[in-house]
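Commentary on secondary and tertiary structure
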There are 4 protein chains.
Amino acid sequence: MDPTDPQVACFEAGVKFGSLYHQFAGTPISPDSADSLAAAMAEAIENQPHCEDVTVEIREDALRAEIEDQSADYTEFTGRFAEVEMTVDYEGVAVETSMRMDGDYPLMAVDDVDAPE
Amino acid sequence: MDPTDPQVACFEAGVKFGSLYHQFAGTPISPDSADSLAAAMAEAIENQPHCEDVTVEIREDALRAEIEDQSADYTEFTGRFAEVEMTVDYEGVAVETSMRMDGDYPLMAVDDVDAPE
Amino acid sequence: MDPTDPQVACFEAGVKFGSLYHQFAGTPISPDSADSLAAAMAEAIENQPHCEDVTVEIREDALRAEIEDQSADYTEFTGRFAEVEMTVDYEGVAVETSMRMDGDYPLMAVDDVDAPE
Amino acid sequence: MDPTDPQVACFEAGVKFGSLYHQFAGTPISPDSADSLAAAMAEAIENQPHCEDVTVEIREDALRAEIEDQSADYTEFTGRFAEVEMTVDYEGVAVETSMRMDGDYPLMAVDDVDAPE
């Protein structure tokens, strides 16, 4: 069947999450550069259609722990180092999504779908 | 409200599309290297959870036209140079999605959602 | 033959340029998000070994011209939209490099190699 | 001072290494998809100017060990999972470079510079 508006809204939210993750995975990151990367990630993805709001918080404790365990003083950005929240609005349907650690895996999830009556 | 299974299935499909696009955007590509890139894109994304099948076809005419108009003999991969079809299966819900040109924009779309009764 | 220190310094400078370009190529960008992306690019690459200084200036005229010619109100970052200068220091050898448009191609070049006597 | 041809050749080699690494870092990879990714990486970078030959070998033991230690059955490509050799030729100067593990860090190195007399 053709998708409903809430289903398309969820698809659009997924596109933004995949984009954010795979555009920036591998970026050299240290505690000093964490804030500028978080800001760029959020503003870049907010350019995409139907994307209302993105917040990216770097998990600096996880970042520092990783760097302490290795020889270099920076590492590469990956999902373990961020918590992300995102709001997509498509045809009046608001979708709230997030990425948070689920054990050792950065899980992207749909938290809420709010469709007009 | 909490998302339904078909909504989560659509979210998962979106994640794969955003991943595919932004992981490989910018890759140096020429007609000679088009097939290996298409194969790698499909196999890479098929690793992701709930992803049943990915096909990537490089639009070689568009690629050749771009290269003829410029000084270098290769260019960078972007959405204009590919048609993609993808099937995601989440909790028995099959979602068919595709990326095709819509005028000058590579549009990602949900083509079909097939949920069990 | 084994490389000299100035040769290794130039190799290191090249690594930074390739990293910067291919990490961020494809990032959604608009005039509003240009500054945050430029800052993140510079700070990310400055994390890499032997990298003293990176400046990234977005060519906003080129960016606006691209966006005016198309249907979407953002585009994808590529080398046409930036001028970059970078200083690498390896074993006392200072290498100055830049990326600037050479006709239609964003040319990365070594501008100066300053080795101790 | 202006760079010599061997110095520019080393710069060009560095650009290719940075490109290869940061274009593909973050790509979903499993033992099943390793070969197609390795082929695409090599062919993509061989498109770049002055790049004669690229070989990418996935370190499947390292890849399998990483996957056994975690919940998902794939991981993200990073330098730990590959050995790379590359030959650049610029104005008759042949530069041999490689990326190999140096302890816990994937070290990119210039192995040989062969300039005409």
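Summarised in this report is the structure supplied together with it. In this text the structure is predicted, and so the values were computed from the model without any measurement. (Residues numbered from 1 in each chain as written. Chains lettered and ligands numbered in written order. Predicted model: local features only at pLDDT ≥ 70, side-chain atom pairs only at ≥ 80, totals over all residues. Heavy atoms only, no water.)

1. Structural notes on the overall build of chain A
The helix and strand tally for chain A stands at three helices and six strands. Starting at the N terminus, the α and β elements of chain A follow one another as α-β-α-β-α-β-β-β-β. Taken along its principal axes, the extent of the C-alpha atoms in chain A is 55 × 30 × 20 Å. Burial analysis of chain A (117 residues in total) assigns 56% to the buried set. (Helix = DSSP H or I, 4+ residues; strand = E, 2+ residues; numbered from the N terminus. Buried < 20%, exposed > 50% of the residue type's maximum accessible area, 1.4 Å probe, protein only.)

2. Details of the sheet that holds strand β5 (residues 93–102) of chain C
Residue and element names in this part refer to chain C. Spatial ordering of the open sheet is given by β2-β4-β5-β6, a layout of four strands whose pairing is antiparallel. Bordering the open sheet on either side are β2 (51–58) and β6 (105–114), each of which pairs with just one other strand. Shown here is a sheet whose adjacent strand axes are inclined to one another by a mean of 15 degrees, direction ignored. Looking at chain direction, β2 and strand β4 (residues 82–90) are connected through seven bridges and run antiparallel. Across the sheet, residue Val56 finds its bridge partner in β4, namely Val84. Sheet strands in contact with helix α1 (residues 5–24) are β2, β4, β5 and β6, and its direction is about 145 degrees off that of β4. Sitting on the sheet, helix α2 (residues 34–46) is in contact with β2 and β4, with an inclination near 165 degrees to β2. (Pairing = 2+ DSSP bridges. Axes fitted to C-alpha atoms, helices over the stretch in contact; angles between N-to-C directions. Contact = heavy atoms within 4.5 Å.)

3. Digging into the environment of Asp73 of chain C
Within the secondary structure, Asp73 of chain C is located in the loop between α3 (60–68) and β3 (75–76). Judged by its relative accessible area of 57%, Asp73 of chain C falls in the exposed class. Look past the residues within four positions of Asp73 of chain C in its chain and what remains in contact with it is Asn47 of chain A together with Ser30 and Ile67 of chain C.

4. Observations regarding the interface of chain A and chain B
Residue-level contacts link 26 residues of chain A with 26 residues of chain B. Interface of chain A and chain B: buried area, both sides summed, is about 2100 Å²; carbon and sulfur atoms make up 60% of it. Sorting the residues of chain A by area buried against chain B places Gln7, Phe11 and His22 of chain A first, and these three jointly supply 31% of that buried surface. Taken together, chain A and chain B are joined by zero salt bridges. Where chain A touches chain B, the interface holds 10 residue pairs in polar contact (both at pLDDT 80 or more). Sorting the residues of the side of chain A that touches chain B by element identifies α1 (5–24) and β6 (105–114) of chain A as the ones contributing at least two each. The element best represented in the side of chain A that touches chain B is α1 of chain A, accounting for 13 residues. Taken together, the residues of the side of chain A that touches chain B sort by class into 14 nonpolar, eight polar and four charged. (Buried area = accessible area lost by both parts, 1.4 Å probe. Salt bridge = Lys/Arg side-chain N within 4 Å of Asp/Glu carboxyl O. Polar contact = N/O pair within 3.5 Å; in protein donor to acceptor, adjacent residues only side chain to side chain. Nonpolar A, V, L, I, M, F, W, Y, C, P; charged D, E, K, R; others polar.)

5. Details of the pattern of salt bridges
Using the criterion set out here, one finds 16 salt bridges over all chains in the structure. Lys16 of chain A is paired through a salt bridge with Glu12 of chain A; the nearest N and O atoms lie 2.6 Å apart. With Lys16 of chain A and Glu12 of chain A both in helix α1, this residue pair falls four residues apart, about one helical turn. Given the relative accessible area of 1%, Lys16 of chain A is considered buried. Residues Arg80 of chain B and Glu66 of chain B are paired through a salt bridge, measuring 3.0 Å at the closest nitrogen-oxygen approach. One end of the pair, Arg80 of chain B, is in the loop between β3 (75–76) and β4 (82–90); the other, Glu66 of chain B, is in helix α3 (residues 60–68), and 14 residues separate them in sequence.

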